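A structural walkthrough
Residue strings, one per chain:
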Amino acid sequence: MNNETKNCQNCKTDFIIEPEDFSFYEKIKVPPPTFCPECRLQRRMAFRNERTLYKAVCDLCTKNVVTIFDPEIHKTIYCGSCWWGDSWDGTEYAMEYDSSRNFFDQLKDLMLKTPKMNLVVTYSTLKNSDYINHAGGCKNCYLLFNADFCENVYYSTIVNHSKDVADCLMMNKTEFAYECIGGDGSRIFFSENCAESVDVWYSKDCVSCTNCFGCVNLRNKSYHIFNQAYSKEEYLEKIKSMNLDKYSYHKLIQSSIHDFWNKFPRRFMYGRMNVNVTGEYVYASKNVKNSYMTASADDAKYCQFITLPSFKDSYDISEWGSGVESCVDSITAGEGIYQVKYSSGVWSNVKNVEYSMYVINSSDCFGCVGLRNKQYCILNKQYSKEEYQKLREQIINSLEANPYVDSQGRIFKYGEFMPYDLSPFSYNASYAIQYFPMTKEEIQNKGFIFSEIKSGEHNITKNTADLPDSISDITDAVTKEVLACTLCTKPYRIALGELELLKRLSLPVPRSCPNCRHNRRIDRVNKWRLFERNCGKCQISIQTSYAPERPEIVYCEKCYQQEVY
Ligand SMILES: [Zn+2]
Ligand SMILES: [Zn+2]
Ligand SMILES: [Zn+2]
Ligand SMILES: [Zn+2]
């Protein structure tokens, strides 16, 4: 079989389906896709709201909750305890399939009327962590997203097995970290991708380093400042004189540190312990292609945000892992899932589930929403095995003959993820807006949903300019203040746990709001699109996330290794 070039239904650019792709689709019995890999990713992401939070009231117990579901759109929202409780069952919302209507229109009706869990979390595994989403096994965490097994972690995203961390993105097995992107170790501050390192500040791409400040590309080094060696005594003296407890010092160094980092070459991709992989931020993986922020995966393609092993034989899966096999085009999926297709939010022993949302511990379900512990259900209605198989075939055939066509003329048959119109979230509240930003007009023109997100009314009680420079002069009283973000002017607060951590680490309180801090990290992180570029030293062709016009010096593996050792 040869490569086949297809034109993407959404962006109208050509994309290639390779022989190995056809074999995969054949093996899991689905047709090849008609959207390009990037549009498939954007579409999945539009079905996930990670960090846009609303206030609501639980419809069962009337408790106040925060939720990712806009209460103006979703009429029934349950708190964690009620959603996971026994007082209701998703089959109460069952719909009889109506062959005179398009299946996806019926699935949308079901999606809108089924009770939503306020947050997508494994509720019973969380302690004192009411404001975290897409998380499990966490304790004393706040505004933490896409995380597992964390304690005292604040304002962070994609963090696993970590403790005492704030304002970080993409960390694993780390304790005491602040304002970092990528990396692991202990006491890592304002650094990017420093692995297995301890007591590291404002450093980038260092491995196994201790007591380093402003260093780049170092291996197994100690007591270095801006890549220069010092004696232990000189180093400690210099660090002491920097006044790292003061906001004014950090503001000064942050104005120049990125220019310093950019003087050093970068490896063409971030990744370690891999065999035969392409992508960006891929770790401990084998035969993984075009994937992004993926760890411990085998035989996978076009996957993103895979954080926990095991993960194998899957295409187009975004977010999670922990037992994923033979799955395709789904988001927020894990914990023992097999043959899950075109679904969002399915986990814990799930098998043969398609076109479903928020389905837990179930198998053989097609077009279901909000189900637990079920088998042979379609549109939440219970069938016998034989009835199920017959009706599933009937719906697939009817979608083939009369596909769903959206406002932009995009066609959805069996073999494509759910149409955009079925997302429980507006585009601007979804995960997609972070990686595929668009204005209100662009969102509407492209046939996505837009809705205004109201922010709470708060009167500013203190200007950040009036905060003491040093953390040592800041008292608990600051947690009672409403501060104005220096970047977007919106109100924000300092949380008590956050302040305690900053005091322990002797770091100043942030002068911008959590969203601006998060967006700044997202801006800095490398994105998944790969470009052809030449090595900055030997000129061989490399595949890299650094676009050719970008100013960074990018080296191939061989040239980079010569540079750092
Ligand atoms: Zn496309
Ligand atoms: Zn409740
Ligand atoms: Zn802000
Ligand atoms: Zn080279």
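Bear in mind the structure is a predicted one, so any value in this text is a computation, not a measurement.

1. What about the packing of aromatic side chains?
Summed over the entire model, instances satisfying the criterion amount to 50 aromatic pairs. Ring geometry for F24 against Y315: centres 4.1 Å apart, planes inclined by 5°, an arrangement best described as stacked. Here Y315 lies in strand β22 (residues 311-318) and F24 lies in helix α1 (residues 19-27), a separation of 291 residues in the sequence. Judged by relative accessible area, which is 8%, F24 ranks as buried. What makes Y315 buried here is its relative accessible area of 6%. With 6.0 Å between their ring centres and 80° between their planes, Y342 and Y414 make a pair best called edge-to-face. Of this pair, Y342 sits in the loop between β25 (337-341) and β26 (344-347) while Y414 sits in the loop between β34 (411-412) and α9 (432-435), placing them 72 residues apart in sequence. Exposure class is identical for Y342 and Y414. Each is buried. Sitting above the plane of the Y431 ring, R48 keeps its charged end 4.9 Å from the centroid. Sitting over the ring of F69, K116 keeps its end group 6.0 Å from the ring centre.

2. Details of the coordination of the zinc ion (ligand 2)
When a metal holds four donors in a tetrahedron, each ideal angle between them is 109.5 degrees; when it holds six in an octahedron, the ideal angles are 90 or 180 degrees. Bound to the zinc ion (ligand 2) are the protein donor atoms C58 (SG), C61 (SG), C79 (SG) and C82 (SG), situated 2.3 Å from the metal. Every donor counted, the four donor atoms about the zinc ion (ligand 2) form angles of 102 to 117° at the centre, which fits tetrahedral coordination. Sequence spacing of the donor residues for the zinc ion (ligand 2), all on one chain, is C-x2-C-x17-C-x2-C. Of this pair, C58 sits in the loop between β3 (54-57) and β4 (64-67) while C79 sits in the loop between β5 (77-78) and α3 (80-83); the two residues are 21 residues apart in sequence, bridging distant segments of the chain. Residue C79 is classed as buried on the basis of its relative accessible area of 1%.

3. Some thoughts on helix α11 (residues 496-505)
Within α11, burial applies to G497, E498, L499, L501, L502 and L505. Looking one or two residues past α11, S506 carries a phi angle of roughly 55°, positive in sign.

4. Some details on the coordination of the zinc ion (ligand 4)
The protein atoms donating to the zinc ion (ligand 4) are C535 (SG), C538 (SG), C556 (SG) and C559 (SG), with metal-donor distances spanning 2.3 to 2.4 Å. One way to put it: the four donor atoms around the zinc ion (ligand 4) meet at angles of 103 to 114°, and that makes the site tetrahedral. Every donor residue of the zinc ion (ligand 4) comes from the same chain, spaced as C-x2-C-x17-C-x2-C. Of this pair, C538 sits in the loop between β37 (531-534) and β38 (541-544) while C559 is found in helix α13 (residues 557-564), placing the two residues 21 residues apart along the sequence. Take C538: its relative accessible area is 37%, and that puts it in the partly exposed class.

5. Examining the environment of D89
In this structure, D89 sits in the loop between α3 and α4 (103-113). For D89, the side chain forms a polar contact with the side chain of T91, separated by 2.5 Å.

6. Description of the environment of K301
Structurally, K301 can be placed in strand β20 (residues 298-301). Classification of K301 by relative accessible area gives buried; the value is 3%. Along the primary structure K301 and D21 are separated by 280 residues, whereas in three dimensions their C-alpha atoms are 8.8 Å apart. Residues in contact with K301, not counting those within four places in the same chain, are E18, E20, D21, K289, S291, S314, Y315 and D316. Looking at K301, its side chain comes within polar contact range of the side chain of D21, at 2.8 Å.

7. As for unusual backbone geometry
Here the amide bond leading from P309 into S310 is cis, since omega sits at -5°, within 30 degrees of zero. With a phi angle near 50°, E179 is a residue other than glycine that sits in the positive phi range. Note on placement: E179 falls in the loop between β10 (174-178) and β11 (181-189). Taking the relative accessible area as the measure of exposure, E179 reaches 15% and is therefore buried. Non-glycine residue Y342 carries a positive phi angle of around 55°.

8. So, the domain arrangement of the chain
Under the domain assignment used here, the chain contains domain 1 (132-267) and domain 2 (531-564). Inter-centroid distance (C-alpha atoms) of domain 1 to domain 2 is 25 Å. Contacts between the two partners involve nine residues from domain 1, matched on the other side by ten residues from domain 2. Sorting the residues of domain 1 by area buried against domain 2 places P265, R266 and R267 first, and these three jointly supply 64% of that buried surface. On the surface where domain 1 and domain 2 come into contact, there are one salt bridge.

9. Description of the nonpolar core
Membership of the largest hydrophobic core comes to 146 residues, with the highest contact counts inside it found for F103, F104, L107 and Y435. A per-element tally of this core places strand β8 (residues 142-166) first, with seven residues. Of all hydrophobic cores here, the second largest spans 41 residues; its members include F213, V216, Y223 and I471.

How each quantity is defined
Residues numbered from 1 in each chain as written. Chains lettered and ligands numbered in written order. Predicted model: local features only at pLDDT ≥ 70, side-chain atom pairs only at ≥ 80, totals over all residues. Heavy atoms only, no water. Phe/Tyr/Trp six-rings, centres within 6.5 Å; stacked < 30°, edge-to-face > 60°. Helix = DSSP H or I, 4+ residues; strand = E, 2+ residues; numbered from the N terminus. Buried < 20%, exposed > 50% of the residue type's maximum accessible area, 1.4 Å probe, protein only. Lys NZ or Arg CZ within 6 Å of the ring centre and 35° of its normal. Donors = N, O, S within 2.8 Å, 3.2 Å for Na, K, Ca; no water. Tetrahedral: all angles 85-135°; square planar, octahedral: opposite > 155°, others 65-115°. Polar contact = N/O pair within 3.5 Å; in protein donor to acceptor, adjacent residues only side chain to side chain. Contact = heavy atoms within 4.5 Å. Domains from an automatic or database assignment. Buried area = accessible area lost by both parts, 1.4 Å probe. Salt bridge = Lys/Arg side-chain N within 4 Å of Asp/Glu carboxyl O. Core = buried A, V, L, I, M, F, W, Y, C linked by side-chain atoms within 4.5 Å.

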